[in-house]
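Inside the fold
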Amino acid sequence: RNDIMDIDVVVKERNTGTIQVGAGYSNFNGFVFNGQVNQINFLGKGQKLGVNVDLSKVQSLYKASFTEPYFMDSLWSVGGDVYRSARILADYNETKTGGDVRLGHPLAPYLEGFIRYKLDRTEIELPEDGDSVLYPVDTANGTTSPITLTLEYDKRDDRFAPSKGLFSSVSLEYAGLGGNLSYTKGFATTRYYKKLF
């Protein structure tokens, strides 16, 4: 029969997990340690799982992330993060604890839209004059409940180890859907990749 064709499909396996460890030293932070573990095919289901730790004598960050890129076999992506950070500065101490949930969907080739809801608690303490005892600052302490809208354009050749292409992101964040801290702010970033050698 002329309407039947034999097709050979060649599949090449690639590493789906990465472990990164870094260390350094600066006058401000002292010794700095960073560790990341990322898996982009968790349990063989295409899910993304990541854990990040940053440590130094003046700040720390612990963060875990999870993303389901094709929620219920659709083009919707669903994910979330939980985190805790702390900074010890000359004028104040700051601790943040919180989490967020994300929902995304492709809008056009290379363009994706996201909506994120975050809830976190900020605790800021100032040193008393002439004393090392810390006390809370009521005007800065509080719960933040923001929603963020994001557009991402991604034409990189590889999302995890890019060598060429363009990535651009624009976001608008509004806090005031509950909580006791309110603000509106925007973010924009662009990164261009080109292999020089």
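1. Observations concerning the overall build of the chain
The secondary structure content of the chain amounts to zero helices and twelve strands. Taken from the N to the C terminus, the helices and strands of the chain come in the order β-β-β-β-β-β-β-β-β-β-β-β. Projecting the C-alpha coordinates of the chain onto the three principal axes gives extents of approximately 90 × 40 × 35 Å. Taken across its 197 residues, the chain has 25% of its residues classed as buried.

2. Examining the environment of Phe 28
Mapped onto the elements of the fold, Phe 28 is located in the loop between strand S1 (17-26) and strand S2 (30-42). Judged by relative accessible area, which is 52%, Phe 28 ranks as exposed. Put simply, Phe 28 and Tyr 192 are 164 residues apart on the chain and 30 Å apart in space, counted from C-alpha to C-alpha.

3. So, unusual backbone geometry
At Met 72, a residue that is not glycine, the phi angle is positive and equals roughly 50°. Mapping Met 72 onto the fold places it in the loop between strand S4 (59-68) and strand S5 (77-88). With relative accessibility at 69%, the residue Met 72 sits in the exposed group. With phi around 60°, Asp 73 is a residue other than glycine that occupies positive phi space.

4. Comments concerning the packing of aromatic side chains
Going through the model one piece at a time under the given rule, you end up with two aromatic pairs. Ring geometry for Tyr 110 and Tyr 153: centres 6.2 Å apart, planes at 65°, overall edge-to-face. Residue Tyr 110 is located in the loop between strand S6 (93-108) and strand S7 (111-127), and its partner Tyr 153 is located in strand S10 (residues 146-154); the two are separated by 43 residues in the primary sequence. Judged by relative accessible area, Tyr 153 falls into the partly exposed class, the value being 28%.

5. A word on the pattern of salt bridges
Per the counting criterion, the structure on display carries five salt bridges. A salt bridge links Arg 102 to Asp 81; its shortest N-O distance comes to 2.5 Å. Placement of the pair is Arg 102 in strand S6 and Asp 81 in strand S5, with a sequence separation of 21 residues. Look at Asp 81 and you get buried, because its relative accessible area is 10%. Overlapping salt bridges bring together Asp 81, Asp 100 and Arg 102 as one network.

6. Structural notes on a nonpolar patch on the surface
Together, Ile 19, Val 21, Phe 33, Val 37, Val 51, Leu 55 and Tyr 62 make up an exposed nonpolar region whose accessible area comes to about 660 Å². Those elements that provide at least two residues to the nonpolar patch are S1, S2 and strand S3 (47-55). Structurally, Val 51 can be placed in strand S3. We classify Val 51 as partly exposed; its relative accessible area is 41%.

7. What about the confidence of the model for the chain?
Of the residues in the chain, 91% have a pLDDT of 70 or more, and the chain-wide mean is 89. When mean pLDDT is taken per element in the chain, S10 scores highest with 97 and strand S8 (residues 134-136) scores lowest with 60.

What counts as what
- Residues numbered from 1 in each chain as written.
- Predicted model: local features only at pLDDT ≥ 70, side-chain atom pairs only at ≥ 80, totals over all residues.
- Heavy atoms only, no water.
- Helix = DSSP H or I, 4+ residues; strand = E, 2+ residues; numbered from the N terminus.
- Buried < 20%, exposed > 50% of the residue type's maximum accessible area, 1.4 Å probe, protein only.
- Phe/Tyr/Trp six-rings, centres within 6.5 Å; stacked < 30°, edge-to-face > 60°.
- Salt bridge = Lys/Arg side-chain N within 4 Å of Asp/Glu carboxyl O.
- Patch = residues over 30% accessible without salt bridge, like charges linked within 9 Å, V, L, I, M, F, W, Y side chains within 5 Å.
- Areas by Shrake-Rupley, 256 points an atom, 1.4 Å probe, with all protein chains shown as cover.
- pLDDT = per-residue confidence, 0-100.

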